[in-house]
Amino acid sequence: MRIAMLAMLAACLLAGEDPHRGLLVACAADADPLIVDAAERIRTGATPLLRVLADGRPIAAGASAALAEGRRESLAWNHVIVVGLPNDALVRQAWQHEARVESGGWSGFGFGVVAGEVGWIESGFNPWLHSDAIAKPPYETESIVITGSTPAGVAAAATAFLTQGLVNGLVALPGWSRPQTTLLDRDPLGDPALPIWLPDQIGDWTRIALTQCGADVGRGILADAGVEPADCWLVKYHRPGVWDGAGAALARRHFITGLHRRAFADAILLARFADPGSAAAALPKVAAAAKLALDGGRYRDRSAGIDGERDSDGPLTAWAVGEWLALSTLPEEIAP
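The structure displayed is predicted, hence computed values, not measured ones.

1. A few points about the sheet that holds strand β4 (residues 99-102)
- Read across the open sheet, the three strands follow the order β4-β5-β6; overall the sheet is antiparallel. Edge positions in the sheet fall to β4 and β6 (112-115), since each has one partner strand and no second. Along the sheet, successive strands turn relative to each other by an average axial angle of 20°, direction set aside.
- Bridging between strand β5 (residues 105-108) and β6 involves four bridges; their strand directions are antiparallel. Residue pairing across strands places Gly108 opposite Gly112, the latter belonging to β6.

Following this line, the structure appears as structure tokens:
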């Protein structure tokens, strides 16, 4: 009975509405000036990701508290970027619970405990779209949370979002410290120094985002290759239409082509080793674990179920260049 009532309510809310996907940037009306400025810098920004999310429409601004208390549809139909401290009403609604505030700092899964002025970014599917208020999502929308331990930390995370395309990761201002160690520690963001052969654009595919992988990803490579990379990055690409299509049948495809740190489709996982020899030695072992076969200098096969099909519909390609090992789920004809 409750499910039927919710479905009827959702249908009523949708009646007469013609949703158009755009981008909404929100922060608290009474936020610290550093946070207000960070939100405005994002709203007026012009990065590849912002252009994709805005889809040719003006980027809207909103107040967190009013949006958190209002109808979910105003948030569901749009990609949403929330900028604020952890007590922000909208940050709390979008929180993925993979990080928490520590005394004087921050604790993030795969990064450990960091004290100081810390910024944190996490992204994924839009929780307001994937809710019981929406009977059938008309398309996919993404949520990006930019938060941190202090307003300065939030502002630093916003800068990393704008300058490096960071959509998942940890940022800290000078003076940060690690008051305790854990099994999975990774230092805050530095210069990723991505390889020069990594393209910004290939045909209609655009490089839009960067995820700073936690220590758990490097440990997975260690288990396969016997040597742990110095750091790992997930570089995300996008082409028009990837987030289009309605209904639950596309939910898995929409997730893995989205911005979540585990969204592996349409992306290149880059692992940087201490030297080219270590990367070259790791490559065949990583390829063997992924059941890839050597073909023309690269290891190739089909990755299982990228689009949720029973068999496989997408390539998986591995290669090494210098100190970098790459695993790509991009179509082979456009992989660098």
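2. Concerning helix α7 (residues 151-164)
- Between its first and last C-alpha, α7 extends 20 Å over 14 residues, near the 20 Å set by a 1.5 Å rise per residue.
- Those residues of α7 that sit buried are Gly153, Val154, Ala155, Ala156, Ala157, Ala158, Ala160, Phe161 and Leu162.
- In this structure, the buried residues of α7 make contact with α2 (33-43), α3 (48-54), β3 (79-83), β7 (118-125), β8 (142-148) and β9 (166-172).
- Of the residues flanking the end of α7, it is Gly165, one or two places downstream, whose phi is positive at about 75°.

3. Observations concerning the pattern of salt bridges
- The full count for this structure, using the stated rule, is 17 salt bridges.
- Asp37 serves as the salt-bridge partner of Arg41, at 3.2 Å between the closest nitrogen and oxygen. Of this pair, Arg41 and Asp37 both sit in helix α2, four residues apart, which is roughly one turn of that helix.
- Its relative accessible area of 27% is what places Arg41 among the partly exposed residues.

4. Quick look at the pairing of β7
- With respect to burial, β7 is a largely interior element, seven of its eight residues being buried.
- As paired strands, β7 and β9 are joined by four bridges and run antiparallel to one another. Along β9, the bridge assignment pairs Trp120 with Leu170.
- When β7 meets β8, the two strands line up antiparallel, connected through seven bridges. Considered in β8, the bridge of Gly119 is made with Gly148.

5. Regarding the packing of helix α8 (residues 215-225) against helix α10 (residues 276-289)
- The contact between α8 and α10 brings their axes to 8 Å, and the two run at 95°. As the angle between them shows, α8 and α10 are arranged roughly perpendicular. The residues of α10 that touch α8, namely those facing Ile221, Asp224 and Ala225, are Ala282, Lys285, Val286 and Ala289.
- For the contact of α8 with α10, the per-class residue count stands at five nonpolar, no polar and two charged.

Procedures and definitions
Residues numbered from 1 in each chain as written. Predicted model: local features only at pLDDT ≥ 70, side-chain atom pairs only at ≥ 80, totals over all residues. Heavy atoms only, no water. Pairing = 2+ DSSP bridges. Helix = DSSP H or I, 4+ residues; strand = E, 2+ residues; numbered from the N terminus. Axes fitted to C-alpha atoms, helices over the stretch in contact; angles between N-to-C directions. Expected span 1.5 Å × (residues − 1). Buried < 20%, exposed > 50% of the residue type's maximum accessible area, 1.4 Å probe, protein only. Contact = heavy atoms within 4.5 Å. Salt bridge = Lys/Arg side-chain N within 4 Å of Asp/Glu carboxyl O. Parallel < 35°, antiparallel > 145°, perpendicular 65-115°, else oblique. Nonpolar A, V, L, I, M, F, W, Y, C, P; charged D, E, K, R; others polar.

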